[in-house]
Amino acid sequence: MRLGLSLTCVALLVGCVQAPVSRPPVVDASWRANEDDRVVSSKRVVPKVSLGGKTQNDESNKATPIESIAKIEPVDQPKEVREIAPPVLSLLEEADQLRTAGDFEGASARLERAQRIAPTEPEVYFQLSSLRLEQGSLEDAVNIAVQGVDLSGADQAMKRDLYTVIARAKDALGDASGASEARRLARASGS
Amino acid sequence: MDRQWHLLLKIFLTLLVAVGMGLVYLNANLIRQFESLSWAVGAKIFARPLELYQGAMFTQEQVRFELDLLKYQLVQGSPVQGQYLIDGNSLWVGMRGHNYPDGEEPDRVVQINFSKDLVEAVRNVDAKPLEIIRFEPLVLAQLSGKHADRDIVRLSDFPKEFIQMLVAVEDRNFFDHAGISITGISRAIINNIVAGRFSQGGSTLTQQLVKNLYLTRERTLTRKAIEAVYAILLDARFSKDRILAAYVNEVFLGQWGNRAIHGFGTAAQFYFGKPISELSNSQQALLIGLIKGPSVFDPRRFPERALERRNLVLQLSASLGVISEQQKVMASSAALSVPKQPADRIGRFPGYVAIVRRELAQDYTSEQLTADGLSVYTAFDPQIHRGLDQGRKNALTRLKATGLDSQGEVQLGAIMVDIPTGEIQAVLAGRDQRLGFHRVLDARRQIGSLVKPFVVAAAIEQDPRLHAGTLVRDETISIEDERGNVWTPKNYDEKELGIVRLESVIANSINQATVHLALGLGLNRILDRLDDLGIPVGPTRPPATLLGVSEMSPYRVAQRYQVLLNQGHQAPLKAVRTVVDNAGSVLTRRPFQSTRLMTARAAVQVDHMMRVGARVGTGRAFGQRYTEVMASKTGTTDDGRDAWFVGADGRRLGTVWVGFDDNRKAGLIGSVAALPIISDAFQYVRRTHRSNNLPEGLEHAWLNKSGQVVDQRCQGAEKRPLPIEYVNAKSDDCGSNPARSVDGHWLKDWFGG
C-alpha cells in the first residue's frame, strides 16, 4: 500500500517537471497518432491504483508505474490536447486515499462522481476496473476495462494498462486463455 | 343490615375490579393502537446535487434556476445561508450544507464566476479557490406509505411560531396539563349550563386527538367522559412531543368531495399549494383557525368568516406574545391567497418518482420505505426535466392546434438518459401531472422504424465487411410471413430508390432496403440477434419484426439505444444512486456496471449513420437546429398510431413516444409529432458533440456517392468511420472504376445478380 502511494507521489512529481504550468497534455481520443508517435497519457499524473494491494503479485505492481514514468516523452505538436480537469483529479486522488484505507465503497462513490464529470476519460475506467479487481468483482473489472479500451483511442499505454487489468481479472476467474490473450494485447499495445 | 352491607361491599369491589380490569384492558389497547400509528416521515427522495467546479458547463441563468428551486432568496447585500447575490458575472451564495453519503458539504459562502457559458472559478469568501462544491439536493418527493393521501410532516419541520400559535390558540396549558384541563372543563361546564345544552368542548389537544383517532363525532356526555379518560391514559404513557406530532398530522381540516383533509401538511398543500415550512404568518393563522370548524370557516366558501377567524387567531397570538404586534398588523392585512381550486397534490415529478419507487420496491419492503428517515439519492436532473417539460407543453399546444388532438387526449411518455452511466435524468409519464398509467414504464407500443439501427447493427455483426457505403438494393420484395401469407412491405413514401447506401437505410429510414439487407444475411440469424439485443421477436417470429412490429415501452427502447450509442456497452438504466438510513449509513449503493452487448465496431458505425439521419435524414429538424453533432432516429407505425423519436448529443439520449392510450389511428408522424419534444428538451441543456473516438478496427476515411473510399479532395466525398480493411482498399481516382474488392463478390450473392 505504502509503496503504491509513494509511487503516486513520484508520478505526480514527474508530472510537475513535465509541465510546470498546467497538467500535462493528453492526446485527444479523436486524434490519430502515427505508430511511432509517443503519446503522453494524462494518467501519468494521477494517483495510480496499485493493482496488487493484498492479493496481487507485488513485482508487477512496481513495474507498471515506473515503466510508464520512464516512457514520458514530449509530444510533437498534437492537434488537440486533452487534460484531466482538476475536479476529476481531486476525486481520483480522494478515491485513491479511500481505497488505500480499505474503504472500497467510498472509493467507488468518488470514482463514479469522477465518471459523471468526465465520462469518456479512460483513466476513470482504468481506476474503476482496478478497484473492482481489488474488490473481487472480477466480471465487472473485465467489463469496465473493456469499455476503457474502447475509449482509449490512440493512447497505447492506457490500453496496455487496461489489458493488464483484464488479464489479472481473467486469471482470477480461472480463464487462462482469456488471460493470455489479454496479456498478448497488452504487449501489443505497450510497444 | 350487616349482611346487606356485606353484599353491597361485594358488589362494589366486584365493580371496582371490573372497572380496573376494563381500564387496564383499555389502556393496553389504546397504547397498542397509538403506537401502531405511523407518523413517520417516509423516504425522502432527492435529485442529483448541483456540482460546480472550474469548467463546469453551467450558465449563471442555469445556476439561478436551481437556486430558485432550492428556495434561495435573492438579496442585495451580503448573502447569508439560504441567500444569494448577483454581482455582474458572478454569484455570491450562502450555501446550505448537506450531509451526503460520501461526505459532508459544509454551510459556507461561495463566489461563483461565470465566463460566457462556463463556470470560470469557484472561491470561498477568502478568495481561495474551491475544487468542487455541491449544493444540497432538491427534494423531489417524500414517500408516505400508510397515509398515502397525506403529507406527513415531522414536528421538527414545522416553523416554531406555528406550533406556538397552535398551542396558544387551542390549548394554552398543553405542556403542563395531564391530558385534560380542569380549568377548560370547568369553563365548558359553566358555559354549557348557561347555554342550557351541551355545546362547548374545552378540549385539550390530547382530547381532540383522541376524538379524531378513536371516537365518533357525536357530542354526548359519555363520549366526553371516555375521551377524557383516554386523554389521561395517553398523556401518562407518551411524551408531549409524540402526542403533538400525531395531532398535527391527524387534525381534521377540511373536506373535498369524499376526501378528508387531515393534518397541517396536507392542508397547507390543499389550501395554499405549498409545504408547511413556506407559509406566511397569515397563512399559518388561517390553518390554525380552521380547527374550530373546517366547514364553517372554509376559506373557499366563506372567505369573510375565514378572514375574521384568521385575524382572531393572529390577535390572540399577539396578545400572548407569540408574534409581535407588527407581525400581527402585517399578517392581518394580508389577503387570503387561497386559490379557488386546490392544487393537485401529486408532486411535481410524479413520473420520475414512480420509477424511483419501482426501483426501491426491488430492494425494500413498503414498511422500510415508510419508516422514518430513509434518504434516497437519485440522478434526477432539474435542468433536463425543465427542458423535457417545455417540450411537452409545446407539443401539446401544437398537436391541438393542428387538429391531431382536438379532444386533448393525446398521450406521451418521455425519458432522458445519461448515456455513459445509464442514469435516468428526467421522465414524463403522460401528458399531464396526473399519474395513472405510466407510459414510460408500462405502455407497450410498436416501435416502427426505431428497430432499423438494430437490424443494421445485427447485419454488421454478421458480416464485418458491411459499412456506411455498402450498397443495398431497394426494390419491391415479397416473402412469406409467419402465417404463410405473402408479405410485401412498402417504403414510407411508396417510392423505390433502386440501390441505396447502407447508411441511408437508417438515415432515411428505408423499409424495403432493410428487408433486403436482412434477407441477404439470413432472416433467422438477424431475428435471433435482434432478440439478443433486446428487441422482442416473439414465438411466431414475424418477418415484419424487421420493420418494427415488436412492442416495447419507452423505457426499454431507451435502454436498447443506450447500448447502441455507448459503443455497444450496456449500463443498466437506473434512477437511484444511493439509499441511506436514518443514521447516515449507506444501505444500498448501485455501482456503475457495464456489459458489452454489441461489438463496438457495429455500434459506432450505426451511431454515425444516426448522425447522418440527424444532419440530413429523417431527424434533420432536430440535427439542423443545433451546431453540435447529434444522432437520431424517428419511428412511425401504421396509420400513425405511434410516433417515436430518439435523439442524442454527446452525453444524453432522449426517447419519446406519442400516441393515444386506445391505440387509435391518429395520423401521427415521428419526425413531426415526437421529434420536437426531444429537440426542445435539448434546447435547455448543455449540449456536447457526439464523440469521434473510434474503437479498434475502424478508421475515418472518405466515401464517394457510390460508397467507395476515395481521396478527401474528391467531389462529394464524405467522412465516415470505416473498417480498416476497406480503408486500405482506397480507390486511386475518385471512384470512376466500378465497385471493387471487398463487396464485389458477395454483393452478387444476395443481390440476386
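**Quick notes on the overall build of chain A**
Along the backbone of chain A there are 8 helices and 2 strands. Taken from N to C terminus, the helices and strands of chain A fall in the order α-β-α-β-α-α-α-α-α-α. Among the 191 residues that make up chain A, the fraction classed as buried is 50%.

**Some points on the interface of chain A and chain B**
Taken together, the contact between chain A and chain B spans 25 residues of the former and 23 residues of the latter. For the side of chain A that touches chain B, the secondary-structure elements that each account for two or more residues are helix 3 (86-100), helix 4 (104-117) and helix 6 (138-151) of chain A. Looking at the side of chain A that touches chain B residue by residue, the class counts come to 10 nonpolar, 9 polar and 6 charged.

**Focus on the confidence of the model for chain A**
Averaged over every residue, the pLDDT of chain A is 68; the share at 70 or more is 56%. Scored below 50 in pLDDT, residues 1-81 of chain A shows 126 contacts in the model against residues more than four places distant or in partner chains.

**Concerning the domain arrangement of chain B**
Residue and element names in this part refer to chain B. When cut into domains, chain B gives domain 1 (48-142), domain 2 (155-333), domain 3 (440-574 + 592-683) and domain 4 (698-751). Taking only C-alpha atoms, the centre of domain 3 and the centre of domain 4 are 25 Å apart. On the domain 4 side, the residues contacting the 14 residues of domain 3 number 14 residues. Mapped onto the side of domain 3 that touches domain 4, the elements with two or more residues apiece are strand 18 (471-474) and helix 20 (600-616). Looking at the side of domain 3 that touches domain 4, the element that brings in the most residues is helix 20, giving 4 residues. Looking at side-chain class alone, the side of domain 3 that touches domain 4 contains 4 nonpolar, 6 polar and 4 charged residues.

**Digging into unusual backbone geometry**
For residues other than glycine, phi is negative in most cases, and the peptide bonds are mostly trans. Residue and element names in this part refer to chain B. For E494, which is not glycine, the phi torsion reads 60° and is therefore positive. Mapped onto the fold, E494 is located in the loop between strand 20 (486-487) and strand 21 (498-501). Positive phi outside glycine occurs at R541, with the angle close to 50°.

**Considering the packing of helix 3 (residues 160-170) of chain B against helix 10 (residues 303-319) of chain B**
Residues and elements named next belong to chain B. Here helix 3 crosses helix 10 at 95°, and the two axes come no closer than 9 Å. Judged by the angle between their axes, helix 3 and helix 10 are roughly perpendicular. Touching M165, A168 and V169 of helix 3 are V313, L316 and S317, all from helix 10. Among the residues forming the contact of helix 3 with helix 10, the class breakdown is 5 nonpolar, 1 polar and no charged.

**Here's the deal with the environment of H467 of chain B**
Following the sequence through the fold, H467 of chain B ends up in the loop between helix 15 (452-462) and strand 18. Note on H467 of chain B: 28 C-beta atoms within 10 Å, which makes it buried.

**What about the sheet that holds strand 32 (residues 718-723) of chain B?**
Residues and elements named next belong to chain B. The strand order across the open sheet formed by 3 strands is 31-30-32, and the pairing between neighbours is antiparallel. A single partner strand is all that each edge strand has here, and the edge strands are strand 31 (709-710) and strand 32. Across 6 bridges, strand 30 (residues 698-703) lies against strand 32 in antiparallel orientation. Its bridge partner being in strand 32, W702 is matched across the sheet by K719. Here helix 20 sits on the sheet and contacts strand 30 and strand 32; the angle it forms with strand 32, its principal contact strand, is near 165°.

So, how was this worked out
- Residues numbered from 1 in each chain as written.
- Chains lettered and ligands numbered in written order.
- Predicted model: local features only at pLDDT ≥ 70, side-chain atom pairs only at ≥ 80, totals over all residues.
- Helix = DSSP H or I, 4+ residues; strand = E, 2+ residues; numbered from the N terminus.
- Buried ≥ 20, exposed ≤ 12 C-beta atoms within 10 Å, placed from the backbone.
- Contact = placed C-beta atoms within 7 Å.
- Nonpolar A, V, L, I, M, F, W, Y, C, P; charged D, E, K, R; others polar.
- pLDDT = per-residue confidence, 0-100.
- Domains from an automatic or database assignment.
- Axes fitted to C-alpha atoms, helices over the stretch in contact; angles between N-to-C directions.
- Parallel < 35°, antiparallel > 145°, perpendicular 65-115°, else oblique.
- Pairing = 2+ DSSP bridges.

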